[in-house]
Amino acid sequence: MCGIIGIIDLSGDVSERLFKGLKLLEYRGYDSAGMAVIDDNRLHVVKDRGRIDEIHEKYDFLTLKGNIGIAHTRWATHGAPDKVNAHPHIDCMGSIAVVHNGIIENFMDLKTELMEQGHRFRSRTDTEVIAHLFEEYLKNEADVETAFVKTLRKLDGAYALAVLTVKEPQKIFCARVDSPLVLGVEGEKVYCSSDIPSLLPFTNKIVPLEDGEYAVLTPGNIMIKRISDGSPVRRAFKELDMGIDEAKKDGYPHYMLKEIYEQPYSIRYALGIQRNYLELMADFIDRSSRLYIVAAGTSYHAGVVGSYIFSRLARIPGLPVIASEFVSRYGDSISVEDSILAISQSGETRDVLWAVEQAKIRGATILAVVNVLASTLTRISRIYLHQQSGPEIGVAATKTYTGQLAVLYKIGFTLARKRGKLGQDEMDRFVDELNKVPEVVEILLKRCDHDMRKLANEIKDSKYVIFLGRGVNTATAYEGRLKLMEISYIPSLAYPAGENKHGPISLIERGIPVIGLVQDDETKKLMISNLHEVRSRGAKTYVISSIDDNDIREVSDVLIKVPQVSAIFTPIVYAIPLQLLAYYTSVLRGLDPDKPRNLAKSVTVI
Ligand code: AGP
């Protein structure tokens, strides 16, 4: 996730406001930054690796003079976080500048085509293809707006764009597909940005841009059209009455709820991971004699789901191990034929780093799934996959969990294809369903929010809560327990439902809430009978399931129905109501879900 901003103001220089806006966007990414202005019909660009203040210290952004400009703060997705990959990106002639947030999924094909046409690329980013593509269209298209629309129609993927060209020195061309972009206006001044808070110091008159729209900004005017057919869109501005802090949460009361609702985007970003990186990761896993999946907390739960996925799809046994236990449990048996798949959103969890370092000493291959580029784990891994969830501010992991699952599904399918374990039709059906998960999550968020708020009110004073699952959703039960426990402080338990009769069932008494997860596979009947066992002893059963039949209804005091998906995808879908349940329970108990007591976002101590 990156931050972009653009400003036109004929009455004065824009660099100081671009800088101020960038600082407010810094939470979206901070490994490199840059700014471009047009002055005297020439493009001037300053950019470098590092945080905004460091670059400002070095170059002084305010020396850039001009009444029109764009700027960018980066959360690297393609290409290391360094100067050449920093935005803005320019075309061959240095007459076009582009800043971008998102992922251009077909950038390799476009880049190959443009290089064959003679374009010279400087960076390894996906974004740079936009500048050269626009340049190519401008060679044969006199109308700049038409060339811009032709450029957009060639792009696949998600993007929020702001583009300058010296051919139209008083216009900014913007566009939005599956990446946030808002516009602002204040008299003759016009603005575009990735979020509202970065515009509030300059204007509270906001014009939202919707997915599939582009806009041409000129002094005092915003023209919006649809990318698909160029049809004009009339949209009045909204006069907002909110502070910056409230706006940083996009109007949500807490970062955690904002991040829960970002999941349709963040899952889609994770699913857009480049195929060549997946193939490389799959090669290493395929060649390993043993695969250990090492992580902590929520990431460990993702790893447990991953072990089911790899076994079900590719017949590969992956052993999930809690990071702090890894060395004492397996340290002596690690060898050079083994691979460690470390999963860590921060890439700084000390337990994980320690386990990985010890395995590396013993010759194992280190692979990783991370969310923070340039984190320690990325530097000590042989290869890593970037889940592209964007910064997660809430201490409780939500979008990074489903982002990890999305990446693990992609690895699982890549492995299954490589090992010929799935027929092409079955593979196509699964992959097609996986690509629809972001839409399913979007529908589910709308549908279950009210139910989970109601359910939170029922359990908020419970002595303790029990989560039960089987098979692929045992880990989902673990995750639901952790979410509830860490932000509402209600003692919670989770274990495979089959374990009930081996002891924990003694905890069941009248009125104890049991959250049961049921999916439509070989575990369904057993799970239903486990729920009957606890219900007959007085437990109140709250069942989350994509199944809605008499058996399920008979065992549920409350049934939270989620959209139908194949059993293997239920962990990513069932996580959503559990996140909302934890969030609303915490709030109803008068707690701050963003900052739970005793916890830190990244546990960098052993
Ligand atoms: C999850 O809600 C917690 N914040 C915590 O368990 C977290 O998942 C764990 O500390 C691992 O963090 P990592 O993914 O950054 O390694």
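Residues numbered from 1 in each chain as written. Predicted model: local features only at pLDDT ≥ 70, side-chain atom pairs only at ≥ 80, totals over all residues. Heavy atoms only, no water.

K.L.:
Just to check I follow, could you spell out the site of the ligand for this structure?
P.N.:
Lining the immediate environment of the ligand, one finds 15 residues, of which Ser299, Ser344, Ser346, Thr349 and Glu486 sit closest. Side-chain polar atom of Ser299 to an oxygen atom of the ligand: 2.5 Å apart, as the coordinates give it. For the ligand, an oxygen atom lies 2.4 Å from a polar atom in the side chain of Glu486. With the chains in place, 92% of the 410 Å² that the ligand exposes on its own is no longer accessible. Elements with a contribution of two residues or more to the shell around the ligand: α10 (297-314) and α17 (474-488). The residue makeup of the shell around the ligand, split by class, is six nonpolar, seven polar and two charged. (Near = heavy atom within 4 Å. Polar contact = N/O pair within 3.5 Å; in protein donor to acceptor, adjacent residues only side chain to side chain. Areas by Shrake-Rupley, 256 points an atom, 1.4 Å probe, with all protein chains shown as cover. Helix = DSSP H or I, 4+ residues; strand = E, 2+ residues; numbered from the N terminus. Nonpolar A, V, L, I, M, F, W, Y, C, P; charged D, E, K, R; others polar.)

K.L.:
Teacher, can you tell me more about the sheet that holds strand β9 (residues 182-186) here?
P.N.:
Across a sheet, strands are paired by hydrogen bonds formed along the backbone, either parallel or antiparallel in direction. Spatially, β3-β2-β4-β1-β10-β9-β11-β15 is the arrangement adopted by the eight strands of the open sheet, whose pairing is antiparallel. Pairing within the sheet leaves two strands with one partner each, and these edge strands are β3 (42-49) and β15 (238-239). Bridge count between strand β11 (residues 205-208) and β15: two bridges; the pairing is antiparallel. For Lys205, the partnering residue across the bridge sits in β15 and is Glu239. This element, helix α2 (residues 52-59), spans β2 (32-39), β3 and β4 (68-74) of the sheet and lies at about 125 degrees to β3. (Pairing = 2+ DSSP bridges. Contact = heavy atoms within 4.5 Å. Axes fitted to C-alpha atoms, helices over the stretch in contact; angles between N-to-C directions.)

K.L.:
In this structure, what is going on with the pairing of strand β8 (residues 172-177)? I would like to understand it.
P.N.:
Looking down a regular strand, the side chains alternate between one sheet face and the other. Summarising burial for β8: six of the six residues are buried, a large majority. Along β8, one buried face is formed by Ile172, Cys174 and Arg176 and the opposite face, lined by Phe173, Ala175 and Val177, is buried too. Of the strand pairs in this sheet, strand β7 (residues 157-165) and β8 are connected by five bridges, and their pairing is antiparallel. Within β8, the residue paired with Ala162 across the bridge is Cys174. Pairing between β8 and strand β12 (residues 213-218): five bridges, direction antiparallel. What sits directly across from Ala175, in β12, is Tyr214. (Buried < 20%, exposed > 50% of the residue type's maximum accessible area, 1.4 Å probe, protein only.)

K.L.:
Would you mind showing me how to read helix α14 (residues 399-418) here?
P.N.:
Spacing of three or four residues puts side chains on the same side of an α-helix, whose turn is 3.6 residues. Over its 20 residues, α14 extends 29 Å from the first C-alpha to the last, a length consistent with the 28 Å expected when each residue adds 1.5 Å. For α14, the buried fraction is high: 18 of the 20 residues fall into the buried class. Of the residues trailing α14, Gly420 is marked for its positive phi of about 60 degrees. (Expected span 1.5 Å × (residues − 1).)

K.L.:
Help me out: how do you make sense of the nonpolar core in this one?
P.N.:
The nonpolar side chains of a soluble globular protein tend to be buried with one another. Grouped together as the largest cluster of nonpolar side chains are 84 residues, with contacts concentrated most on Phe310, Leu341, Tyr409, Ile411, Phe413 and Leu580. Per-element tally for this core: the top contributor is helix α20 (residues 570-588), with 11 residues. Residues contacting Phe310, with those up to four places away along its chain left out, are Leu291, Ile293, Arg315, Ile316, Leu341, Leu408, Ile411, Gly412 and Leu415. Among the nonpolar cores identified, the runner-up in size contains 28 residues, and Ala131, Phe134, Phe173 and Tyr214 belong to it. (Core = buried A, V, L, I, M, F, W, Y, C linked by side-chain atoms within 4.5 Å.)

K.L.:
What is the right way to look at the sheet that holds strand β13 (residues 221-226) in this model?
P.N.:
Read from one edge to the other, the open sheet built from seven strands follows the order β5-β6-β7-β8-β12-β13-β14, with strand pairing classed as antiparallel. The open sheet is flanked by β5 (89-90) and β14 (232-233), the only strands paired with a single partner. Note: β5 against strand β6 (residues 96-104), two bridges, orientation antiparallel. In the sheet register, His89 faces β6, and the bridge partner there is Val98. Strands β5, β6 and β7 of the sheet are contacted by helix α4 (residues 128-140), whose axis makes an angle of about 130 degrees with β6.

K.L.:
So what exactly am I meant to see when it comes to the pattern of salt bridges here?
P.N.:
Here the idea is simple: oppositely charged side chains can pair when their charged atoms come close. Evaluation of the coordinates by the stated rule reveals 35 salt bridges. Two residues, Asp283 and Lys418, come together in a salt bridge whose shortest N-O distance is 2.4 Å. Placement of the pair is Asp283 in helix α9 (residues 275-287) and Lys418 in helix α14, with a sequence separation of 135 residues. Since its relative accessible area comes to 33%, Lys418 is described here as partly exposed. The shortest N-O distance in the salt bridge between Asp548 and Arg553 comes to 2.7 Å. Its relative accessible area of 47% is what places Arg553 among the partly exposed residues. Bridged by salt links that share partners, the residues Lys23, Glu26, Arg51 and Asp53 form one connected network. (Salt bridge = Lys/Arg side-chain N within 4 Å of Asp/Glu carboxyl O.)

K.L.:
What is the right way to look at the environment of Val565 in this model?
P.N.:
Among the structural elements, Val565 can be located in the loop between β25 (558-561) and α20. Once the C-alpha coordinates of Val565 and Gln519 are considered, the two residues, 46 residues apart in sequence, prove to be 9.1 Å apart. Discounting residues that sit within four places of it in the chain, Val565 has contacts with Glu433, Val440, Ser546, Thr570 and Val573.

K.L.:
Looking at this model, I keep getting lost on the packing of aromatic side chains. Mind explaining?
P.N.:
Where two aromatic rings form a pair, the distance of their centres and the angle of their planes describe that pair. Taken as a whole and assessed by the stated rule, the structure comprises 15 aromatic pairs. Ring geometry for Tyr292 and Phe326: centres 5.6 Å apart, planes at 80 degrees, overall edge-to-face. Placement of the pair is Tyr292 in strand β16 (residues 290-295) and Phe326 in helix α11 (residues 323-330), with a sequence separation of 34 residues. Exposure remark for Tyr292: the relative accessible area of 3% places this residue in the buried category. With 5.7 Å between their ring centres and 45 degrees between their planes, Phe413 and Phe430 make a pair best called tilted. (Phe/Tyr/Trp six-rings, centres within 6.5 Å; stacked < 30°, edge-to-face > 60°.)

K.L.:
Looking at this structure, I do not really get the packing of α4 against helix α5 (residues 144-153). What am I missing?
P.N.:
Interhelical geometry of α4 versus α5 gives an angle of 135 degrees and a closest axis separation of 9 Å. In terms of their interaxial angle, α4 and α5 are classed as oblique. Both α4 and α5 take part in a crossing whose hand is right-handed. Contacts between α4 and α5 involve Ile130, Leu133, Phe134, Tyr137 and Leu138 on the former and, on the latter, Val144, Ala147, Phe148, Lys150 and Thr151. Residues belonging to the contact of α4 with α5 are distributed by class as follows: eight nonpolar, one polar and one charged. (Parallel < 35°, antiparallel > 145°, perpendicular 65-115°, else oblique. Left-handed = near helix turned anticlockwise from the far one by under 90°.)

K.L.:
Before we go on, may I ask you to explain the environment of Glu26 in this structure?
P.N.:
In this fold, Glu26 is placed in the loop between α1 (15-25) and β2. For Glu26, a relative accessible area of 10% puts it in the buried group. In contact with Glu26, other than residues within four places in its own chain, are Arg51, Ile52 and Thr73. Here Arg51 takes part through its side chain, which lies 3.4 Å from a polar atom of the side chain of Glu26.

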